[in-house]
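Chain and residue survey
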There are 2 protein chains.
Amino acid sequence: MAILLHELVGSDPQRPFSPHCWKVRLALRHKGLDFRTVPVPFTGVASIEGGSGIVPVLRDGETVVSDSFAIAEYLETAYPDAPSLFGGEGGRHLSRFVESWSQRTIHPFVSTSRALVSIHDSLAAPDRVYFRQSREKVFGKPLEAVIVGDEERLAEFGKKLNPLRSLLERQAFLGGDVPLFADYIVFGAFQWLRVVTPWQVLASDDPIADWFERCLDLHGGEGRQVPAAA
Amino acid sequence: MAILLHELVGSDPQRPFSPHCWKVRLALRHKGLDFRTVPVPFTGVASIEGGSGIVPVLRDGETVVSDSFAIAEYLETAYPDAPSLFGGEGGRHLSRFVESWSQRTIHPFVSTSRALVSIHDSLAAPDRVYFRQSREKVFGKPLEAVIVGDEERLAEFGKKLNPLRSLLERQAFLGGDVPLFADYIVFGAFQWLRVVTPWQVLASDDPIADWFERCLDLHGGEGRQVPAAA
(Lines give C-alpha, C1' and ligand atoms only; values in the text may rest on other atoms or scores of the structure.)
Protein backbone atom coordinates (compact mmCIF):
# COMPACT_ATOMS: atom_id res chain seq x y z
CA MET A 1 0.00 0.00 0.00
CA ALA A 2 1.34 3.40 -0.93
CA ILE A 3 2.42 5.82 1.76
CA LEU A 4 -0.30 8.37 2.46
CA LEU A 5 0.46 12.00 3.29
CA HIS A 6 -2.43 13.95 4.76
CA GLU A 7 -1.78 17.58 3.93
CA LEU A 8 -3.54 20.86 4.39
CA VAL A 9 -5.32 22.54 1.47
CA GLY A 10 -7.76 25.34 0.84
CA SER A 11 -10.64 25.18 -1.63
CA ASP A 12 -8.22 23.93 -4.33
CA PRO A 13 -6.96 20.43 -3.37
CA GLN A 14 -4.10 20.86 -5.86
CA ARG A 15 -2.48 23.66 -3.88
CA PRO A 16 -1.16 22.36 -0.55
CA PHE A 17 0.40 25.29 1.29
CA SER A 18 1.38 24.16 4.80
CA PRO A 19 5.11 24.66 5.38
CA HIS A 20 5.23 21.51 7.48
CA CYS A 21 3.57 19.43 4.76
CA TRP A 22 6.11 20.67 2.21
CA LYS A 23 8.96 19.62 4.46
CA VAL A 24 7.57 16.09 4.41
CA ARG A 25 6.89 16.03 0.65
CA LEU A 26 10.54 16.80 -0.03
CA ALA A 27 11.68 14.37 2.65
CA LEU A 28 9.68 11.58 1.01
CA ARG A 29 11.17 12.38 -2.41
CA HIS A 30 14.64 12.62 -0.85
CA LYS A 31 14.15 9.04 0.35
CA GLY A 32 12.95 8.03 -3.11
CA LEU A 33 9.54 7.00 -1.78
CA ASP A 34 6.26 7.05 -3.66
CA PHE A 35 3.29 8.48 -1.85
CA ARG A 36 -0.28 9.58 -2.33
CA THR A 37 -1.49 12.81 -0.82
CA VAL A 38 -4.80 13.18 0.94
CA PRO A 39 -5.99 16.79 0.85
CA VAL A 40 -7.44 17.97 4.15
CA PRO A 41 -9.19 21.28 4.87
CA PHE A 42 -8.63 23.07 8.19
CA THR A 43 -11.91 21.78 9.55
CA GLY A 44 -10.91 18.23 8.67
CA VAL A 45 -7.61 18.21 10.55
CA ALA A 46 -9.10 17.09 13.86
CA SER A 47 -10.36 13.82 12.39
CA ILE A 48 -7.33 12.67 10.34
CA GLU A 49 -6.37 9.08 11.14
CA GLY A 50 -8.30 9.05 14.37
CA GLY A 51 -7.46 12.56 15.43
CA SER A 52 -3.87 13.78 15.68
CA GLY A 53 -5.11 17.33 15.57
CA ILE A 54 -2.21 18.46 13.42
CA VAL A 55 -0.93 18.19 9.86
CA PRO A 56 0.97 16.62 8.28
CA VAL A 57 0.10 13.05 9.17
CA LEU A 58 1.85 10.17 7.43
CA ARG A 59 0.50 6.64 7.15
CA ASP A 60 2.98 3.99 6.08
CA GLY A 61 1.28 0.62 6.29
CA GLU A 62 0.26 0.20 9.91
CA THR A 63 2.39 3.09 11.11
CA VAL A 64 0.86 6.54 11.61
CA VAL A 65 3.14 9.46 12.43
CA SER A 66 2.22 13.11 12.84
CA ASP A 67 4.46 16.21 13.09
CA SER A 68 6.91 16.92 10.30
CA PHE A 69 10.07 16.41 12.34
CA ALA A 70 8.80 13.15 13.80
CA ILE A 71 7.92 12.01 10.29
CA ALA A 72 11.45 12.79 9.08
CA GLU A 73 12.87 10.83 12.00
CA TYR A 74 10.54 7.95 11.20
CA LEU A 75 11.59 7.93 7.53
CA GLU A 76 15.27 8.03 8.49
CA THR A 77 14.83 4.99 10.72
CA ALA A 78 12.45 3.05 8.50
CA TYR A 79 14.44 3.62 5.29
CA PRO A 80 18.06 3.62 6.43
CA ASP A 81 19.45 2.59 3.03
CA ALA A 82 17.95 5.56 1.18
CA PRO A 83 19.86 8.89 1.21
CA SER A 84 20.06 10.30 4.72
CA LEU A 85 17.87 13.22 5.79
CA PHE A 86 20.16 14.18 8.67
CA GLY A 87 23.67 12.98 7.82
CA GLY A 88 24.08 11.40 11.23
CA GLU A 89 22.94 11.98 14.78
CA GLY A 90 24.65 15.36 15.05
CA GLY A 91 22.75 16.52 12.00
CA ARG A 92 19.50 15.25 13.45
CA HIS A 93 19.96 17.26 16.64
CA LEU A 94 21.18 20.42 14.90
CA SER A 95 18.22 20.22 12.51
CA ARG A 96 16.16 21.06 15.60
CA PHE A 97 18.05 24.34 15.87
CA VAL A 98 17.30 25.10 12.23
CA GLU A 99 13.64 24.28 12.91
CA SER A 100 13.59 26.53 15.97
CA TRP A 101 15.25 29.36 14.04
CA SER A 102 12.93 29.02 11.04
CA GLN A 103 9.79 28.92 13.16
CA ARG A 104 10.84 31.93 15.20
CA THR A 105 12.22 33.99 12.33
CA ILE A 106 10.36 33.20 9.11
CA HIS A 107 7.03 31.91 10.39
CA PRO A 108 6.16 34.94 12.56
CA PHE A 109 6.76 37.23 9.60
CA VAL A 110 4.78 35.15 7.09
CA SER A 111 1.88 34.65 9.46
CA THR A 112 1.51 38.39 10.12
CA SER A 113 1.94 39.42 6.48
CA ARG A 114 -0.52 39.60 3.59
CA ALA A 115 -0.04 35.82 3.33
CA LEU A 116 -2.39 35.53 6.30
CA VAL A 117 -5.29 37.09 4.41
CA SER A 118 -4.36 35.24 1.22
CA ILE A 119 -4.60 31.95 3.08
CA HIS A 120 -7.97 32.95 4.49
CA ASP A 121 -9.24 33.89 1.04
CA SER A 122 -8.05 30.60 -0.45
CA LEU A 123 -10.13 28.52 1.93
CA ALA A 124 -13.57 26.97 1.48
CA ALA A 125 -16.35 28.78 3.33
CA PRO A 126 -16.51 26.68 6.56
CA ASP A 127 -12.69 26.80 6.85
CA ARG A 128 -12.70 30.57 6.46
CA VAL A 129 -14.89 30.89 9.50
CA TYR A 130 -12.68 28.57 11.53
CA PHE A 131 -9.47 30.21 10.34
CA ARG A 132 -10.63 33.77 11.04
CA GLN A 133 -12.01 32.95 14.46
CA SER A 134 -9.03 30.95 15.67
CA ARG A 135 -6.43 33.43 14.37
CA GLU A 136 -8.25 36.54 15.51
CA LYS A 137 -8.49 35.02 18.97
CA VAL A 138 -4.69 34.61 19.04
CA PHE A 139 -3.90 38.03 17.58
CA GLY A 140 -6.66 39.88 19.38
CA LYS A 141 -7.60 41.80 16.24
CA PRO A 142 -8.99 41.32 12.73
CA LEU A 143 -6.74 39.56 10.21
CA GLU A 144 -6.75 42.70 8.09
CA ALA A 145 -5.32 44.67 11.02
CA VAL A 146 -2.64 42.08 11.74
CA ILE A 147 -1.05 42.41 8.33
CA VAL A 148 -0.85 46.21 8.24
CA GLY A 149 2.66 47.43 7.53
CA ASP A 150 4.05 44.19 6.16
CA GLU A 151 5.87 46.08 3.41
CA GLU A 152 7.55 48.27 6.04
CA ARG A 153 8.42 45.22 8.13
CA LEU A 154 10.01 43.50 5.16
CA ALA A 155 13.38 45.26 5.49
CA GLU A 156 13.78 44.12 9.08
CA PHE A 157 12.71 40.61 8.15
CA GLY A 158 15.36 40.60 5.44
CA LYS A 159 18.04 41.42 8.01
CA LYS A 160 16.91 38.59 10.24
CA LEU A 161 17.72 36.23 7.41
CA ASN A 162 21.40 37.22 7.46
CA PRO A 163 22.60 34.06 9.25
CA LEU A 164 21.03 31.98 6.48
CA ARG A 165 22.09 34.35 3.69
CA SER A 166 25.67 34.42 4.81
CA LEU A 167 25.79 30.63 4.93
CA LEU A 168 24.29 30.25 1.47
CA GLU A 169 26.85 32.63 0.04
CA ARG A 170 29.40 29.96 0.86
CA GLN A 171 27.63 26.66 0.33
CA ALA A 172 24.89 25.35 -1.96
CA PHE A 173 22.66 23.95 0.77
CA LEU A 174 22.45 24.01 4.55
CA GLY A 175 23.54 20.40 4.21
CA GLY A 176 26.65 21.45 2.28
CA ASP A 177 26.87 20.23 -1.31
CA VAL A 178 23.68 18.23 -0.95
CA PRO A 179 20.37 19.08 0.72
CA LEU A 180 19.32 17.66 4.07
CA PHE A 181 16.05 17.82 5.99
CA ALA A 182 17.34 21.12 7.43
CA ASP A 183 17.03 22.56 3.92
CA TYR A 184 13.47 21.29 3.62
CA ILE A 185 12.61 22.90 6.96
CA VAL A 186 13.50 26.34 5.65
CA PHE A 187 12.25 25.56 2.15
CA GLY A 188 8.83 24.77 3.59
CA ALA A 189 8.53 28.29 4.99
CA PHE A 190 9.38 29.99 1.70
CA GLN A 191 7.25 27.58 -0.30
CA TRP A 192 4.32 28.44 1.96
CA LEU A 193 4.74 32.05 0.89
CA ARG A 194 5.20 31.12 -2.78
CA VAL A 195 2.01 29.06 -2.89
CA VAL A 196 -0.22 31.59 -1.15
CA THR A 197 0.94 34.99 -2.43
CA PRO A 198 2.73 36.46 -5.44
CA TRP A 199 4.53 38.86 -3.06
CA GLN A 200 8.27 38.62 -3.60
CA VAL A 201 10.05 38.96 -0.28
CA LEU A 202 13.52 38.09 -1.57
CA ALA A 203 15.47 40.18 -4.07
CA SER A 204 16.29 38.20 -7.20
CA ASP A 205 20.03 38.46 -6.48
CA ASP A 206 19.65 37.26 -2.88
CA PRO A 207 21.65 34.05 -2.26
CA ILE A 208 18.56 32.77 -0.45
CA ALA A 209 16.51 33.22 -3.63
CA ASP A 210 19.12 31.22 -5.58
CA TRP A 211 19.04 28.48 -2.96
CA PHE A 212 15.23 28.44 -3.04
CA GLU A 213 15.29 27.94 -6.81
CA ARG A 214 17.74 25.08 -6.34
CA CYS A 215 15.33 23.55 -3.83
CA LEU A 216 12.43 23.92 -6.25
CA ASP A 217 14.47 21.96 -8.80
CA LEU A 218 15.17 19.07 -6.43
CA HIS A 219 13.70 15.60 -6.86
CA GLY A 220 12.22 16.15 -10.30
CA GLY A 221 10.95 19.60 -9.43
CA GLU A 222 8.60 18.39 -6.67
CA GLY A 223 8.21 21.93 -5.34
CA ARG A 224 7.34 23.34 -8.77
CA GLN A 225 4.43 20.94 -9.21
CA VAL A 226 2.34 23.62 -7.58
CA PRO A 227 2.69 26.85 -9.56
CA ALA A 228 3.48 30.05 -7.67
CA ALA A 229 0.49 32.15 -6.65
CA ALA A 230 -0.48 34.65 -9.33
CA MET B 1 55.29 17.37 21.71
CA ALA B 2 52.17 18.80 23.27
CA ILE B 3 49.58 20.51 21.12
CA LEU B 4 49.97 24.29 21.25
CA LEU B 5 47.04 26.66 21.21
CA HIS B 6 47.88 30.29 20.50
CA GLU B 7 45.15 32.36 22.05
CA LEU B 8 44.36 36.00 22.53
CA VAL B 9 44.90 37.70 25.90
CA GLY B 10 45.04 41.15 27.37
CA SER B 11 47.54 42.30 29.95
CA ASP B 12 46.73 39.22 32.06
CA PRO B 13 47.91 36.08 30.23
CA GLN B 14 45.65 34.00 32.48
CA ARG B 15 42.45 35.48 31.06
CA PRO B 16 41.99 34.44 27.44
CA PHE B 17 38.79 36.04 26.17
CA SER B 18 38.44 35.40 22.45
CA PRO B 19 35.22 33.51 21.70
CA HIS B 20 36.96 31.61 18.92
CA CYS B 21 39.78 30.51 21.21
CA TRP B 22 37.27 29.22 23.76
CA LYS B 23 35.55 27.14 21.09
CA VAL B 24 38.86 25.42 20.46
CA ARG B 25 39.73 24.95 24.14
CA LEU B 26 36.51 23.03 24.67
CA ALA B 27 36.95 21.12 21.40
CA LEU B 28 40.41 19.98 22.53
CA ARG B 29 39.04 18.83 25.90
CA HIS B 30 36.10 17.15 24.14
CA LYS B 31 38.66 15.11 22.21
CA GLY B 32 40.51 14.33 25.43
CA LEU B 33 43.65 16.06 24.19
CA ASP B 34 46.30 17.73 26.30
CA PHE B 35 47.52 21.10 25.15
CA ARG B 36 49.59 24.06 26.17
CA THR B 37 48.35 27.56 25.55
CA VAL B 38 50.51 30.35 24.21
CA PRO B 39 49.12 33.74 25.22
CA VAL B 40 49.22 36.30 22.42
CA PRO B 41 48.38 40.00 22.65
CA PHE B 42 46.53 41.73 19.78
CA THR B 43 49.79 43.18 18.45
CA GLY B 44 51.34 39.72 18.42
CA VAL B 45 48.67 38.04 16.28
CA ALA B 46 50.27 38.93 12.94
CA SER B 47 53.42 37.00 13.72
CA ILE B 48 52.01 33.75 15.19
CA GLU B 49 53.48 30.68 13.50
CA GLY B 50 54.71 32.59 10.50
CA GLY B 51 51.76 34.93 10.24
CA SER B 52 48.20 33.60 9.98
CA GLY B 53 46.90 37.00 11.00
CA ILE B 54 44.13 35.46 13.11
CA VAL B 55 43.61 33.63 16.38
CA PRO B 56 43.28 30.89 17.39
CA VAL B 57 46.14 29.01 15.79
CA LEU B 58 46.79 25.40 16.67
CA ARG B 59 50.09 23.60 16.25
CA ASP B 60 49.96 19.82 16.46
CA GLY B 61 53.40 18.45 15.61
CA GLU B 62 54.16 19.64 12.10
CA THR B 63 50.59 20.68 11.42
CA VAL B 64 49.52 24.30 11.87
CA VAL B 65 45.83 25.21 11.54
CA SER B 66 44.17 28.57 12.04
CA ASP B 67 40.46 29.48 12.32
CA SER B 68 38.35 27.82 14.99
CA PHE B 69 36.09 25.89 12.62
CA ALA B 70 39.02 24.63 10.56
CA ILE B 71 40.70 23.54 13.79
CA ALA B 72 37.60 21.59 14.83
CA GLU B 73 37.51 19.92 11.44
CA TYR B 74 41.21 19.10 11.75
CA LEU B 75 40.72 17.57 15.19
CA GLU B 76 37.75 15.52 13.97
CA THR B 77 39.83 14.07 11.14
CA ALA B 78 43.07 13.65 13.07
CA TYR B 79 41.45 12.07 16.14
CA PRO B 80 38.57 10.04 14.73
CA ASP B 81 38.45 7.61 17.66
CA ALA B 82 37.87 10.32 20.27
CA PRO B 83 34.29 11.56 20.85
CA SER B 84 32.95 13.27 17.74
CA LEU B 85 32.67 17.07 17.57
CA PHE B 86 30.07 16.98 14.82
CA GLY B 87 28.21 13.69 15.06
CA GLY B 88 28.63 13.04 11.35
CA GLU B 89 28.83 15.02 8.13
CA GLY B 90 25.35 16.48 8.52
CA GLY B 91 26.32 17.84 11.91
CA ARG B 92 29.49 19.31 10.47
CA HIS B 93 27.60 21.23 7.81
CA LEU B 94 24.80 22.36 10.13
CA SER B 95 27.38 23.57 12.64
CA ARG B 96 28.18 26.20 10.02
CA PHE B 97 24.63 27.48 10.35
CA VAL B 98 25.02 27.67 14.12
CA GLU B 99 28.28 29.56 13.59
CA SER B 100 26.64 31.94 11.15
CA TRP B 101 23.73 32.53 13.51
CA SER B 102 25.98 33.07 16.55
CA GLN B 103 28.27 35.49 14.74
CA ARG B 104 25.37 37.50 13.37
CA THR B 105 23.25 37.46 16.51
CA ILE B 106 25.45 37.33 19.61
CA HIS B 107 28.73 38.79 18.36
CA PRO B 108 27.28 42.07 17.02
CA PHE B 109 25.62 42.69 20.37
CA VAL B 110 28.67 41.85 22.49
CA SER B 111 31.01 43.88 20.31
CA THR B 112 28.86 47.00 20.57
CA SER B 113 28.17 46.66 24.29
CA ARG B 114 30.19 47.68 27.35
CA ALA B 115 32.25 44.54 26.70
CA LEU B 116 33.99 46.50 23.94
CA VAL B 117 35.38 49.06 26.39
CA SER B 118 36.10 46.37 28.97
CA ILE B 119 38.23 44.52 26.43
CA HIS B 120 40.07 47.74 25.59
CA ASP B 121 40.71 48.44 29.23
CA SER B 122 42.03 44.92 29.84
CA LEU B 123 44.75 45.24 27.22
CA ALA B 124 48.41 46.21 27.63
CA ALA B 125 49.23 49.72 26.47
CA PRO B 126 50.41 49.03 22.87
CA ASP B 127 47.40 46.77 22.28
CA ARG B 128 45.04 49.45 23.53
CA VAL B 129 46.27 51.79 20.84
CA TYR B 130 45.88 49.13 18.15
CA PHE B 131 42.46 48.04 19.39
CA ARG B 132 41.03 51.54 19.65
CA GLN B 133 42.33 52.62 16.26
CA SER B 134 41.21 49.50 14.39
CA ARG B 135 37.74 49.38 15.99
CA GLU B 136 37.07 53.10 15.75
CA LYS B 137 37.94 52.94 12.07
CA VAL B 138 35.30 50.24 11.59
CA PHE B 139 32.63 51.93 13.73
CA GLY B 140 33.42 55.46 12.64
CA LYS B 141 33.18 56.73 16.22
CA PRO B 142 34.83 56.45 19.63
CA LEU B 143 34.42 53.14 21.47
CA GLU B 144 32.62 54.99 24.25
CA ALA B 145 30.02 56.22 21.74
CA VAL B 146 29.55 52.75 20.19
CA ILE B 147 28.41 51.21 23.45
CA VAL B 148 25.86 53.87 24.39
CA GLY B 149 22.44 52.36 25.07
CA ASP B 150 23.55 48.76 25.52
CA GLU B 151 21.19 48.38 28.47
CA GLU B 152 18.28 49.53 26.29
CA ARG B 153 19.38 47.20 23.48
CA LEU B 154 19.49 44.23 25.83
CA ALA B 155 15.76 43.46 25.63
CA GLU B 156 15.88 43.20 21.87
CA PHE B 157 19.00 41.07 22.05
CA GLY B 158 17.22 38.76 24.45
CA LYS B 159 14.42 38.26 21.93
CA LYS B 160 16.89 37.40 19.19
CA LEU B 161 18.02 34.49 21.32
CA ASN B 162 14.56 32.89 21.18
CA PRO B 163 15.50 30.21 18.63
CA LEU B 164 18.26 29.05 20.96
CA ARG B 165 16.19 29.48 24.12
CA SER B 166 13.30 27.50 22.77
CA LEU B 167 15.61 24.67 21.75
CA LEU B 168 17.29 24.54 25.15
CA GLU B 169 13.92 24.32 26.86
CA ARG B 170 13.60 20.92 25.24
CA GLN B 171 17.11 19.51 25.14
CA ALA B 172 20.23 19.76 27.29
CA PHE B 173 22.61 20.77 24.50
CA LEU B 174 22.42 21.82 20.87
CA GLY B 175 23.92 18.39 20.27
CA GLY B 176 21.01 16.73 22.14
CA ASP B 177 21.92 14.87 25.32
CA VAL B 178 25.62 15.51 24.76
CA PRO B 179 27.47 18.63 23.62
CA LEU B 180 28.89 19.03 20.14
CA PHE B 181 31.12 21.65 18.60
CA ALA B 182 27.92 23.60 17.86
CA ASP B 183 27.54 24.05 21.61
CA TYR B 184 31.10 25.31 21.91
CA ILE B 185 30.46 27.81 19.12
CA VAL B 186 27.70 29.47 21.11
CA PHE B 187 29.45 28.89 24.43
CA GLY B 188 32.46 30.83 23.14
CA ALA B 189 30.33 33.92 22.61
CA PHE B 190 28.87 33.88 26.13
CA GLN B 191 32.21 32.98 27.70
CA TRP B 192 33.72 36.01 25.94
CA LEU B 193 31.18 38.16 27.78
CA ARG B 194 31.74 36.33 31.08
CA VAL B 195 35.50 36.82 31.00
CA VAL B 196 35.45 40.51 30.08
CA THR B 197 32.51 41.97 31.99
CA PRO B 198 30.45 41.24 35.11
CA TRP B 199 27.36 42.41 33.20
CA GLN B 200 24.67 39.72 33.34
CA VAL B 201 22.81 39.61 30.05
CA LEU B 202 20.82 36.46 30.83
CA ALA B 203 18.21 36.18 33.56
CA SER B 204 19.10 33.48 36.07
CA ASP B 205 16.00 31.47 35.11
CA ASP B 206 16.75 31.64 31.38
CA PRO B 207 17.21 28.15 29.85
CA ILE B 208 20.23 29.59 28.07
CA ALA B 209 21.79 30.49 31.43
CA ASP B 210 21.21 26.91 32.62
CA TRP B 211 22.82 25.54 29.48
CA PHE B 212 25.77 27.93 29.87
CA GLU B 213 26.35 26.65 33.41
CA ARG B 214 26.26 23.09 32.08
CA CYS B 215 28.86 24.06 29.49
CA LEU B 216 31.06 25.63 32.18
CA ASP B 217 30.94 22.29 34.01
CA LEU B 218 32.07 20.27 30.99
CA HIS B 219 35.43 18.55 30.74
CA GLY B 220 36.49 19.12 34.31
CA GLY B 221 35.21 22.66 34.39
CA GLU B 222 37.54 23.90 31.64
CA GLY B 223 35.48 27.06 31.20
CA ARG B 224 35.54 27.85 34.92
CA GLN B 225 39.33 27.86 35.05
CA VAL B 226 39.09 31.52 34.24
CA PRO B 227 36.93 33.23 36.88
CA ALA B 228 34.13 35.50 35.73
CA ALA B 229 35.00 39.19 35.47
CA ALA B 230 34.40 41.05 38.72
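Everything in this summary refers to the structure shown in the same document. (Residues numbered from 1 in each chain as written. Chains lettered and ligands numbered in written order. Predicted model: local features only at pLDDT ≥ 70, side-chain atom pairs only at ≥ 80, totals over all residues. Heavy atoms only, no water.)

1. Let's talk about the packing of aromatic side chains
Keep this limit in mind: Here the aromatic set is Phe, Tyr and Trp, taking the six-membered ring for Trp, and pairing holds for ring centres within 6.5 Å; pairs whose planes are under 30 degrees apart are stacked, those over 60 apart are edge-to-face, and all others are tilted. Only DSSP runs of H or I reaching four residues or more are called helices, and only runs of E reaching two or more are called strands; each is numbered from the N terminus. Charge-over-ring contacts are defined here by two conditions on Lys NZ or Arg CZ: a distance within 6 Å of the ring centre and an angle within 35 degrees of the ring normal.
One pass over the structure, following the stated rule, counts 29 aromatic pairs over all chains. Plain terms: the ring middles of Phe190 of chain A and Phe212 of chain A are 6.2 Å apart, the flat faces sit at 55 degrees to each other, and that makes the pair tilted. Of this pair, Phe190 of chain A sits in helix H9 (residues 181-196) while Phe212 of chain A sits in helix H10 (residues 207-221), placing them 22 residues apart in sequence. Measuring from centroid to centroid gives 5.8 Å for Phe69 of chain B and Phe181 of chain B, while their planes differ by 80 degrees, and the two rings are edge-to-face. In this pair, Phe69 of chain B is assigned in helix H2 (residues 68-78) and Phe181 of chain B in helix H9 (residues 181-196), connecting sequence segments 112 residues apart. The ring of Phe173 of chain A carries Arg214 of chain A above its face, with NZ or CZ at 5.8 Å from the centroid. Residue placement shows Arg25 of chain B over the ring face of Trp22 of chain B; its charged tip is 4.8 Å from the ring centre.

2. Remarks on helix H1 (residues 19-30) of chain B
A turn of α-helix holds 3.6 residues, and therefore any two residues three or four places apart point the same way. Residues and elements named next belong to chain B. The condition is simple: A helix is expected to reach a length of 1.5 Å times the quantity of its residues less one. Accessible area is worked out with a 1.4 Å probe on protein chains only. A residue is then buried under 20% of its type maximum, exposed over 50%, and partly exposed in between. For the purposes of these results, a polar contact is taken to be a pair of N or O atoms within 3.5 Å, where, inside protein, one atom must be able to donate a hydrogen and its partner to accept one; residues adjacent in sequence count only when each atom of the pair is a side-chain atom.
The first and last C-alpha atoms of H1 sit 17 Å apart over 12 residues, in line with the 16 Å expected at 1.5 Å per residue. Counting buried residues in H1 gives 10 out of 12 residues, a clear majority hidden from the surface. Among the residues of H1, Pro19, Cys21, Trp22, Lys23, Val24, Arg25, Leu26, Ala27, Leu28 and His30 are the ones counted as buried. The opening residue of H1, the one whose side-chain oxygen lies 3.2 Å from the backbone nitrogen of His20, is Ser18. Once H1 ends, the next one or two residues include Gly32, with phi positive near 70 degrees.

3. Quick notes on the sheet that holds strand E1 (residues 3-8) of chain B
Residue and element names in this part refer to chain B. Quick note on the threshold: Think of it this way: DSSP has to see at least two bridges between two strands before they count as a pair. To obtain an axis, a line is fitted to C-alpha atoms, over the contacting stretch when the element is a helix, and the angle between two such axes runs from 0 to 180 degrees between their N-to-C directions. In what follows, a contact means two residues having at least one pair of non-hydrogen atoms within 4.5 Å.
One open sheet accounts for 4 strands, arranged E2-E1-E3-E4; its pairing is mixed. Both outer strands of the open sheet, strand E2 (35-40) and strand E4 (63-66), are each paired with one neighbouring strand and no more. Neighbour to neighbour, the strand axes of the sheet diverge by 20 degrees on average, direction disregarded. One ladder, built from 4 bridges, connects strand E3 (residues 57-60) with E4; its direction is antiparallel. When the bridges of E4 are listed, Val57 appears paired with Ser66. Relative to the sheet, H1 contacts E1, E2 and E3, its axis offset from that of E1 by approximately 155 degrees. Each of E3 and E4 touches H2; the most contacted strand, E4, lies at about 140 degrees to it.

4. Some thoughts on the interface of chain A and chain B
The cut-off we apply is this: Once two parts are joined, some of their accessible surface, as seen by a 1.4 Å probe, is lost; buried area is that loss totalled over both. When a carboxyl oxygen of Asp or Glu lies within 4 Å of a side-chain nitrogen of Lys or Arg, that pair is called a salt bridge. Gly counts as polar in this scheme, as do all residues outside two lists: the nonpolar Ala, Val, Leu, Ile, Met, Phe, Trp, Tyr, Cys and Pro, and the charged Asp, Glu, Lys and Arg.
The interface is formed by 29 residues belonging to chain A together with 29 residues belonging to chain B. Of the roughly 2,200 Å² buried at the junction of chain A and chain B (both faces included), carbon and sulfur atoms supply 68%. On the chain A side of the contact with chain B, Leu94, Phe97 and Pro163 of chain A bury the most area, a combined 32% of that side's loss. Viewed at the interface, chain B and chain A are joined by 2 salt bridges. Here Arg170 of chain B and Glu99 of chain A are joined by a salt bridge, their closest N and O atoms 3.6 Å apart. On inspection of chain A and its partner chain B, the count reaches 8 residue pairs in polar contact (both at pLDDT 80 or more). Secondary-structure elements contributing two or more residues to the side of chain A that touches chain B are helix H3 (89-110) and helix H8 (162-168) of chain A. Looking at which element gives the most residues to the side of chain A that touches chain B, the answer is H3 of chain A, with 14 residues. Of the residues belonging to the side of chain A that touches chain B, the class tally is 11 nonpolar, 13 polar and 5 charged.

5. Examining the relation of the copies chain A and chain B
Filter applied, for reference: The least-squares superposition of copies is restricted to C-alpha atoms, and to residues with a pLDDT of at least 70 in both copies.
It takes a turn of 180 degrees to lay chain A on chain B, together with a shift of 0.0 Å along the axis; the resulting RMSD is 0.0 Å. Such a combination of turn and shift is consistent with a two-fold rotation axis. Minimal C-alpha distance to the rotation axis in chain A is attained by Gly91 of chain A, lying at 1.9 Å.

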